[in-house]
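Listed below, chain by chain, are the residues.
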Amino acid sequence: MRAGRNDVPRRRSGRVKATALAAALAGHALAGAPALAQDAASTLPVVWVLATGGTIAGGGASSTSLTEYRAGAFTGAELVSALPALGRHATIRVEQVANVGSPNITFDDWLALATRIDAIFRDDPDAAGVVVTHGTNTLEETAYFLNLTVRHDRPVVLVGAQRPATAISADGPLNLLNAVRAAASPEARGKGVLVVLNDEINAARDVTKTSTYRLETFRTPDLGFLGYVDGDRVAFYREPTRRHTADSEFDLTGVTAFPRVDIAYSYVEPNPVLIEALIEDGVDGIVLAGTGAGIVSRRERAALERVAGLPVDARPIIVRSNRTGSGRVVPLPAYDQLGMVAGDTLNPQKARILLMLALTKTRDVDEIRRMFREY
């Protein structure tokens, strides 16, 4: 992990990069915002921006390079400095935590983010909130992990972009501005980790990426988003009811690695060898992305029945999720008797995160079922 507070070092090409970013934002209303007077700035809330790379910091060969570009071409400090309008809403402090495309985010990055956010809230009483810039591909997973592990109620907001910073009509600048506004908003406190893109506020637990390139990619199926960030204010209309952040029981103190949990996807005539290979490999847990309401085929069930016959210490915990994208997976006797856990509304990638954290505390199936009901 690389961390550099406020004054992130520029590589030798930094001046060229900064010029390219400024040119990409030229004529943008946000880039032309006037700076605040020093005494006015001192009264503003403090928002930390922790940068991890992604498309929001991406650079392409031209303004029309919308699908071919390098994620993390710019630093967080460069993104902030190219957007003076941030100074109207908050005093910004920047750290570079990573600079990668989000498919390359690691568990070490998650641990570093959660630890650093907790430290900021512990050591900086002026900090109103934290914004994490992140690639969109795995943004929802990082958001849910932080939702379960950050131990404070001040806002943490994840933000990304669907178009690189150098693109014509780049969405990153407005998304970043809105994320900072949400993080600085007193109304955001106590609502858990939030995801802000396309003027919409979503809860980390429920949101998912639904489109490859469209700006409205982040959606909360069935339950809907929490509110809007509009020109007049940050407006909330509902809030999460499941346990999170300050109310979470998950403690990362002393955690340096996580139990191994993998996902098996169901389909017509699935190959049970995949499940058997995971078990043979010593996996600690398996999330089944079942068909319909978390249903598995006879072939998969036969493999899972063999799991139920293993000694308890060698038996992975199995969670039923679904591949449909919405709806609940409820307990069913036919699966419960095999020791399986119903994943409720969590999609497979979110169920995996909760199971990983649950396994840092217990292997008791009933306790893990309780956690899936409460989180």
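Keep in mind the model is a prediction, meaning the values are calculated, not measured.

1. Remarks on the sheet that holds strand S14 (residues 285-290)
Inference 1: Ordered in space as S13-S14-S15-S16, the four strands form an open sheet in which the pairing is parallel. Both edges of this open sheet fall to strand S13 (261-265) and strand S16 (341-342), since each of them pairs with a single strand only.
Inference 2: One ladder, built from two bridges, connects strand S15 (residues 317-322) with S16; its direction is parallel. Counted as the bridge partner of Val319 is Val341 from S16.
Inference 3: Against the sheet, helix H7 (residues 273-280) makes contact with S13 and S14, and its axis sits at roughly 165 degrees relative to S14, the strand it touches most.
Inference 4: Together, S13, S14 and S15 form the strand contacts of helix H10 (residues 348-359), whose direction differs from that of S14 by roughly 160 degrees.

2. Examining the pattern of salt bridges
Inference 1: Scanning all chains against the criterion turns up 23 salt bridges.
Inference 2: Notably, a salt bridge pairs Arg205 with Asp206, separated by 2.8 Å at the nearest N-O pair. Of the two residues, Arg205 and Asp206, both sit in the buried class.

3. Brief notes about H10
Inference 1: Here H10 is 12 residues long and its end C-alpha atoms lie 16 Å apart, about the 16 Å a rise of 1.5 Å per residue gives.
Inference 2: Inspection of H10 places Pro348, Lys350, Ala351, Arg352, Ile353, Leu354, Leu355, Met356, Leu357, Ala358 and Leu359 among the buried residues, and these make up the whole buried set.
Inference 3: Buried-residue contacts for H10 involve helix H4 (107-123), helix H5 (139-149), S13, S14, S15 and helix H11 (365-374).

The rules behind each value
- Within each chain, residues carry numbers counting from 1 in the order of the written sequence.
- Only residues with pLDDT of at least 70 get local features here, since the model is predicted, and only at 80 or more are side-chain atom pairs given and counted; chain-wide, interface and lining totals rely on the full set of residues.
- Note that water and hydrogens are dropped before the side-chain values are worked out from all heavy atoms of the structure.
- Two strands qualify as a pair provided DSSP detects at least 2 bridges between them.
- Each helix is a run of DSSP H or I of at least 4 residues and each strand a run of E of at least 2, with the numbering of both proceeding from the N terminus.
- Throughout, a residue-residue contact means that at least one pair of heavy atoms, one from each residue, lies within 4.5 Å.
- Helix axes are fitted only over the stretch in contact, all axes being lines through C-alpha atoms; the angle between N-to-C directions runs from 0 to 180 degrees.
- For salt bridges, the criterion is a side-chain nitrogen of Lys or Arg within 4 Å of an Asp or Glu carboxyl oxygen.
- The buried label goes to any residue with under 20% of its type's maximum accessible area, the exposed label to any with over 50%, and the partly exposed label to all in between, with areas taken from a 1.4 Å probe on protein chains only.
- In this scheme, a helix's expected span is set at 1.5 Å multiplied by one less than its residue total.

It is worth stressing that arrangement in space is one thing and function is another; only the former is reported here.
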